[in-house]
Amino acid sequence: MFTANGDYSLLQGNYLFSEVGKRAAAFQAAHPDAEIIRMGIGDVTRPLVPAVIAAMHAAVEEMGAAETFHGYGPDHGYEFLREAIQKRDYLSRGIDISTEEIFVSDGAKCDVGNIQELFSRDCIVAVTDPVYPVYVDTNVMSGRGGRYVDGGYERIVYLPCTAENGFMPEMPKTTVDVMYLCYPNNPTGAMLTRAQLQEIVRYALQNGVLLLYDSAYEAYIGEPDKPHSIYEIDGARECAIEFRSMSKTAGFTGTRCAYTVVPKTLQYRDTFGNTVSLNAMWGRRMATKFNGVSYITQRGAAAAYSDEGYAQLQSVIADYMENARIIREGLQSAGYTVYGGVNAPYIWLRVPHGDSWRFYDELLERHHIVGTPGAGFGRAGEGYFRMTAFATRENTIRAMERITKG
């Protein structure tokens, strides 16, 4: 008789952003005339830039002629896109990454969940706290979480990131095998210095830890001295996998394109004692379980890396970061203690009474604004609240006016 995966039964409640949306929808149904401003889920509002649209239109035309039609593409992405990524994201920064180490996919969220197929079931996973919920939930689904006790899963190691430690995780005091990192950080908006990241890489090399570095918000880094890639750090090629997304960078939340870098230098022992290449394993996984991102999407993505497309995207990113400034300064003028909004499109504010879900309800009821309770990101997130800079400029200004005017 078929038996279902019991690890799903260990998951707690709804996925965070589903719960946020569910509560907002219930409020809207009860108050149909309320004009709700949504600053909770990090979805973009600006359209795709002209260079991307032109490239996708041209690709559609190609698909309409037998001579230029494209069926299944290369397993790991078209070479024209991988070369564009290599040139702008790595070679331009003096980072030696080959196209064979770049794997194009339909989203970083998928990749950070699927990458664990390369781990043994016994791997001990460490995450920062607060944390992007996907890192935790996907490991629970795969049997690495254990039971939920006192606000956390017993087999997962949590590394608190608080205002007191500058949102920089302390290194684990127990043995771990894998460590998830997200910088610029979702949800706190914090960013590591080069020295801090070097400390983490040094720890990983000394202890045989694999780092999973989610840099989905790299394009939003505003301070010139901050590292844009973990591979700017000596030794990172021997211990780190990097994830990049075009969702927030190029507005591809509904178009879907991302990539993961798995260096060939990542060599580890498997459960049978063999020395294996994670690059080869991920390549095999992609070839076996994924048929690639569409040709039309990849042409649009490549256009985002062109000089014209890149310039257009910088204007969009600057627009979102101006929203971040408006939110940050608006909340400060209203008396809130805030973090982030400088190197990331997220603002992390301290909740005056310490109850983040209660604050969610208050903000929705009093001001008709939706945000995300910090408690949904983990135990260390309680007492905080996340707001995103992805609303329109008009709604961003209106939201801050509602809050500052009480």
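Structure first, text after, so check above.
Attention here is on the structure that accompanies the text. Worth saying up front: this structure is predicted, and the values here are computed from it rather than measured.

Definitions and cut-offs
Residues numbered from 1 in each chain as written. Predicted model: local features only at pLDDT ≥ 70, side-chain atom pairs only at ≥ 80, totals over all residues. Heavy atoms only, no water. Helix = DSSP H or I, 4+ residues; strand = E, 2+ residues; numbered from the N terminus. Rg over C-alpha atoms; globule rule 2.2 N^0.38 Å. Buried < 20%, exposed > 50% of the residue type's maximum accessible area, 1.4 Å probe, protein only. Contact = heavy atoms within 4.5 Å. Areas by Shrake-Rupley, 256 points an atom, 1.4 Å probe, with all protein chains shown as cover. Lys, Arg positive; Asp, Glu negative; His and termini not counted. Charge placed at Lys NZ, Arg CZ, Asp CG, Glu CD. Expected span 1.5 Å × (residues − 1). Polar contact = N/O pair within 3.5 Å; in protein donor to acceptor, adjacent residues only side chain to side chain. Pairing = 2+ DSSP bridges. Axes fitted to C-alpha atoms, helices over the stretch in contact; angles between N-to-C directions. 1 Å grid on protein atoms, 1.4 Å probe; cavity = no way out; pocket = protein on both sides within 12 Å on 5 of 7 lines; lining within 4 Å. Points joined across faces, edges and corners; volume = space filled by probe spheres on them. Nonpolar A, V, L, I, M, F, W, Y, C, P; charged D, E, K, R; others polar. Phe/Tyr/Trp six-rings, centres within 6.5 Å; stacked < 30°, edge-to-face > 60°. Lys NZ or Arg CZ within 6 Å of the ring centre and 35° of its normal.

What to know about the overall build of the chain
Okay, so step 1: Within the chain one finds 12 helices and 17 strands.
Okay, so step 2: Against the compact-globule benchmark of 22 Å for 406 residues, the chain has a radius of gyration of 21 Å, which places it among compact chains.
Okay, so step 3: Judged by the C-alpha coordinates and their principal axes, the chain covers about 60 × 55 × 55 Å.
Okay, so step 4: Here the chain, with 406 residues, has 53% of them falling under the buried criterion.
Okay, so step 5: Considering only contacts within the chain whose residues lie at least 6 apart along the sequence, 72% involve residues at least 24 apart.
Okay, so step 6: Summed over all atoms, the accessible surface of the chain reaches about 17600 Å², with 50% contributed by carbon and sulfur.
Okay, so step 7: The positive charge centre, built from 38 side chains, and the negative charge centre, built from 48, are 2 Å apart in the chain.

Notes on helix α11 (residues 356-367)
Owing to its 3.6 residues per turn, the α-helix brings residues three or four apart onto one side.
Okay, so step 1: With 12 residues, α11 should cover 16 Å at 1.5 Å per step; its first-to-last C-alpha distance of 16 Å lies within 8% of that length.
Okay, so step 2: Taken together, the buried positions of α11 are occupied by Ser356, Phe359, Tyr360, Glu362, Leu363, Leu364 and His367.
Okay, so step 3: Between the side-chain oxygen at the start of α11 and the backbone nitrogen of tryptophan 357 there is a gap of 3.3 Å, and the oxygen is on aspartate 355.
Okay, so step 4: Two residues or fewer after α11 comes histidine 368, characterised by a positive phi angle close to 60 degrees.

Points about the sheet that holds strand β17 (residues 384-388)
Okay, so step 1: If you walk across this open sheet you meet the four strands as β13-β14-β17-β16, and the pairing is antiparallel. Since the sheet does not close on itself, it has two edges, and those belong to β13 (338-340) and β16 (372-373), each with one partner.
Okay, so step 2: As paired elements, β16 and β17 share two bridges and run antiparallel to each other. Following the sheet pairing, proline 373 is matched in β17 by phenylalanine 385.
Okay, so step 3: Against the sheet, helix α10 (residues 307-333) contacts β13, β14 (346-350) and β17, and its axis sits at roughly 10 degrees relative to β14.

Let's talk about the pairing of strand β10 (residues 258-261)
Okay, so step 1: Residues of β10 alternate between two faces, with Ala258 and Thr260 on one and Tyr259 and Val261 on the opposite face, all of them buried.
Okay, so step 2: Here strand β9 (residues 240-245) runs beside β10; their pairing, made up of four bridges, is antiparallel. In the sheet register, arginine 244 faces β10, and the bridge partner there is tyrosine 259.

Regarding empty space enclosed by the protein
Okay, so step 1: The tally for this structure, following the rule as stated, stands at one cavity of 30 Å³ or more.
Okay, so step 2: Contributing to the lining of the largest cavity are Val44, Arg46, Pro47, Val49, Lys248, Thr249, Ala250, Gly251, Leu313, Val316 and Tyr320.
Okay, so step 3: Contributions of two or more residues to the lining of the largest cavity are made by α7 (247-250) and α10.
Okay, so step 4: Looking at side-chain class alone, the lining of the largest cavity contains seven nonpolar, two polar and two charged residues.

Topic: the sheet that holds β9
Okay, so step 1: The strand order across the open sheet built from seven strands is β2-β10-β9-β8-β7-β3-β6, with neighbouring strands paired in mixed fashion. The open sheet has two edge strands with one neighbour each: β2 (102-105) and β6 (157-160). If you compare each strand with its neighbour and ignore which way they point, the axes differ by 20 degrees on average.
Okay, so step 2: Where strand β3 (residues 125-129) lies against β6, four bridges are found, and the strand directions are parallel. Directly across from alanine 126, in β6, lies its bridge partner valine 157.
Okay, so step 3: Of the strands in this sheet, β7 (178-182) and β8 (210-214) are in contact with helix α6 (residues 194-207), which crosses β8 at around 150 degrees.
Okay, so step 4: The strands touched by helix α8 (residues 278-289) are β2, β8, β9 and β10; relative to β2, the strand with the most contacts, the crossing angle is about 25 degrees.

Here's the deal with the packing of aromatic side chains
Okay, so step 1: Evaluated as defined, the whole model comprises 20 aromatic pairs.
Okay, so step 2: An angle of 85 degrees between the planes, with centres 5.4 Å apart, marks the rings of tyrosine 132 and tyrosine 135 as edge-to-face.
Okay, so step 3: A residue is classified by how much of its surface remains accessible, and tyrosine 132, at 14% relative accessible area, is buried.
Okay, so step 4: Here phenylalanine 167 and tyrosine 384 contribute two aromatic rings whose centre-to-centre distance is 6.5 Å and whose plane-to-plane angle is 75 degrees, an arrangement assigned as edge-to-face. You can see phenylalanine 167 sitting in the loop between β6 and β7 and its partner tyrosine 384 sitting in strand β17, a full 217 residues away along the chain. In this structure, phenylalanine 167 and tyrosine 384 share a single accessibility class: buried.
Okay, so step 5: Chaining the aromatic ring pairs together yields one cluster made of Phe167, Tyr339, Trp348, Phe377 and Tyr384.
Okay, so step 6: Above the ring of tryptophan 357, the side-chain terminus of arginine 23 is found at 4.0 Å from the ring centroid.
Okay, so step 7: Directly above the aromatic system of tyrosine 310 lies the positively charged group of arginine 88, at a separation of 4.1 Å from the ring centroid.

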